[in-house]
Amino acid sequence: MPKRTTIGSWLEDLVALCFPDLCVCCNNNLYRGETLICMKCLHRLPKNDMHYEKGNILEKKFWGKADVERVTSFLRYIKKSDVQRLINKLKYKGEKEIGIFLGKYAAAELVDNDVFGSVDVIVPVPLHKSKYRKRGYNQSRCIADGMAEIMGIPVDEGNLYRAVENPTQTRKSTYERWENTKGIFELTDGSIFDGKHILLVDDVLTTGSTLIACVEAIREKSNAKISVFTLASA
Ligand SMILES: [Zn+2]
């Protein structure tokens, strides 16, 4: 039915002309084939390029505190930059598709990696129940879902949970932040993660204290290997 296809695509073009999809970064019209972020903005995103760098600057934040295989982060978090705006939209404006999209984009660089490519399951850093209810979704889960699709592995949300609401972290030193987050996560069933290589996923890595607390909670009950991925790092 070639005629219908022609009318279909003509209608599609007409709709696009009246209601163009806009780039979530620069607000310019997206061209055919582009989704969510235009090619120009996508190429401009500041990448960390540290997936293959063992002992990188982020991994060092875990040394002596938590036993991790590898740590990596996709983008550099710069204030008032596109990266900050994208993460704010993902976290506070309900734009979940940004997390899924960037998760997929980042995962495409990880699938062939010797360490990250061997991951068995993705675990997003959990939100506390009250925060989840308020926001309606977990932004780290969105990133994890995008990654899982490309990497062909499952996401486990629920085994690791946040037992205590995150205490306020402002005006605290790195050590105090770390002390402050100890014991706020719990693992329900250690046997689920036994022998697995887990990829912990979060939106932004700053001091690493939240992720360290997650690693400790998983380690306490299982012998899993753990690597860490964040969408951005400050
Ligand atoms: Zn753009």
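Attention here is on the structure that accompanies the text. (Residues numbered from 1 in each chain as written. Predicted model: local features only at pLDDT ≥ 70, side-chain atom pairs only at ≥ 80, totals over all residues. Heavy atoms only, no water.)

1. A short note on the overall build of the chain
Of the regular secondary structure elements, the chain holds 8 helices and 6 strands. Its helices and strands in sequence order give the chain the pattern α-α-β-α-α-β-α-α-β-α-β-β-α-β, from N to C terminus. Put simply, the chain has 234 residues, and 48% of those count as buried. Taking contacts inside the chain between residues at least 6 apart in sequence as the whole, the part at least 24 apart equals 73%. (Helix = DSSP H or I, 4+ residues; strand = E, 2+ residues; numbered from the N terminus. Buried < 20%, exposed > 50% of the residue type's maximum accessible area, 1.4 Å probe, protein only. Contact = heavy atoms within 4.5 Å.)

2. Overview of the coordination of the zinc ion
Looking at the metal site, the zinc ion is ligated by Cys23 (SG), Cys26 (SG), Cys38 (SG) and Cys41 (SG), spaced 2.3 Å from it. Coordination at the zinc ion comes from 4 donor atoms whose angles at the metal span 103 to 115°, giving a geometry best classed as tetrahedral. Every donor residue of the zinc ion comes from the same chain, spaced as C-x2-C-x11-C-x2-C. (Donors = N, O, S within 2.8 Å, 3.2 Å for Na, K, Ca; no water. Tetrahedral: all angles 85-135°; square planar, octahedral: opposite > 155°, others 65-115°.)

3. Topic: the sheet that holds strand S5 (residues 197-205)
Here we have 4 strands laid out as an open sheet, ordered S1-S6-S5-S2, and parallel in their pairing. If you trace the sheet from one side to the other, it starts and ends with strand S1 (71-76) and strand S2 (121-124), each paired once. Along the sheet, successive strands turn relative to each other by an average axial angle of 20°, direction set aside. In this structure, S1 lies alongside strand S6 (residues 225-233), joined through 5 bridges in parallel fashion. Looking across to S6, one finds that Val71 is bridged to Val228. Here helix H6 (residues 139-151) sits on the sheet in contact with S2, S5 and S6, set at roughly 135° to S5. (Pairing = 2+ DSSP bridges. Axes fitted to C-alpha atoms, helices over the stretch in contact; angles between N-to-C directions.)

4. Observations regarding the side chain of Thr207
Structurally, Thr207 can be placed in the loop between S5 and helix H8 (209-221). Taking relative accessible area as the criterion, Thr207 reaches 16% and is therefore assigned buried. A distance of 3.0 Å separates a polar atom in the side chain of Thr207 from a polar atom in the side chain of Ser209. (Polar contact = N/O pair within 3.5 Å; in protein donor to acceptor, adjacent residues only side chain to side chain.)

On their own, these measurements won't tell you what the molecule is for.
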